[in-house]
Amino acid sequence: MLIPKGTRIVDLGKHPKPDLVIEISDTTLADDKGEKRLQYEALRISEYWIWDVKSVQLIAFTIAPDGSSKRVDISKVLPNLSLSLIEEALRRSEVSDQSAIGSWFMEQIR
């Protein structure tokens, strides 16, 4: 079930919960690592990523069925995807165009 485009607030009573949530954090890093992380743990979202814009760093957590979370370097939702590869692609996005990054990324995952 896809959530309709343009949906700003997802009603989990109508739509399935996502497997992966990604927050882009510029001024909200403490909240993203704290309160929001607790909310995603309570919802049992499988994986939660925070892109820290200021430190150019990807922080990723996997959330267990019991609601506990731990940091991960390899995605479980996107099997065997090294999160350092995502981090590098995001770093490259500051100096390269999307097609160059896309080509580089495809070379890495082959």
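As a reminder, the structure under discussion sits directly above these lines.
Residues numbered from 1 in each chain as written. Predicted model: local features only at pLDDT ≥ 70, side-chain atom pairs only at ≥ 80, totals over all residues. Heavy atoms only, no water.

Moving on, we come to the packing of aromatic side chains. For any pair of aromatic rings, geometry is given as the distance between the ring centres together with the angle between the planes. Inspection of every chain in the model, using the stated rule, returns two aromatic pairs. Relative to Tyr48, the ring of Tyr40 lies with its centre 4.7 Å away and its plane at 55°, an arrangement referred to as tilted. Seen in terms of ring centroids, Tyr48 and Phe61 are 6.3 Å apart; in terms of plane orientation they differ by 20°. Their pairing is stacked. Of this pair, Tyr48 sits in strand S2 (residues 47-52) while Phe61 sits in strand S3 (residues 57-63), and the two are 13 residues apart along the sequence. This pair shows no difference in class: Tyr48 is buried, exactly as Phe61 is. (Phe/Tyr/Trp six-rings, centres within 6.5 Å; stacked < 30°, edge-to-face > 60°. Helix = DSSP H or I, 4+ residues; strand = E, 2+ residues; numbered from the N terminus. Buried < 20%, exposed > 50% of the residue type's maximum accessible area, 1.4 Å probe, protein only.)

On to the layout of surface pockets. Put simply, the largest pocket is a space of about 210 Å³. Every residue lining the largest pocket is listed: Ile3, Thr7, Arg8, Ile9, Val10, Leu12 and Pro18. A per-class count over the lining of the largest pocket returns five nonpolar, one polar and one charged. (1 Å grid on protein atoms, 1.4 Å probe; cavity = no way out; pocket = protein on both sides within 12 Å on 5 of 7 lines; lining within 4 Å. Points joined across faces, edges and corners; volume = space filled by probe spheres on them. Nonpolar A, V, L, I, M, F, W, Y, C, P; charged D, E, K, R; others polar.)

With that settled, the discussion passes to the nonpolar core. Residues Trp49, Leu58, Leu81, Leu83, Ile86 and Phe105 are the most contacted members of the largest nonpolar core, which totals 14 residues. For this core, the secondary-structure elements that each account for two or more residues are S2, S3, helix H3 (83-92) and helix H4 (98-109). Ranked by residues supplied to this core, first place goes to H3 with four residues. If near-sequence neighbours (up to four positions away) are discounted, Leu58 is found in contact with Trp49, Ile50, Trp51, Arg71, Leu83, Ile86 and Glu87. In terms of nonpolar packing, the next biggest core, distinct from the first, is built from eight residues, Val21, Ile50, Ile59 and Phe61 among them. (Core = buried A, V, L, I, M, F, W, Y, C linked by side-chain atoms within 4.5 Å. Contact = heavy atoms within 4.5 Å.)

None of this, on its own, says anything about what the molecule does.
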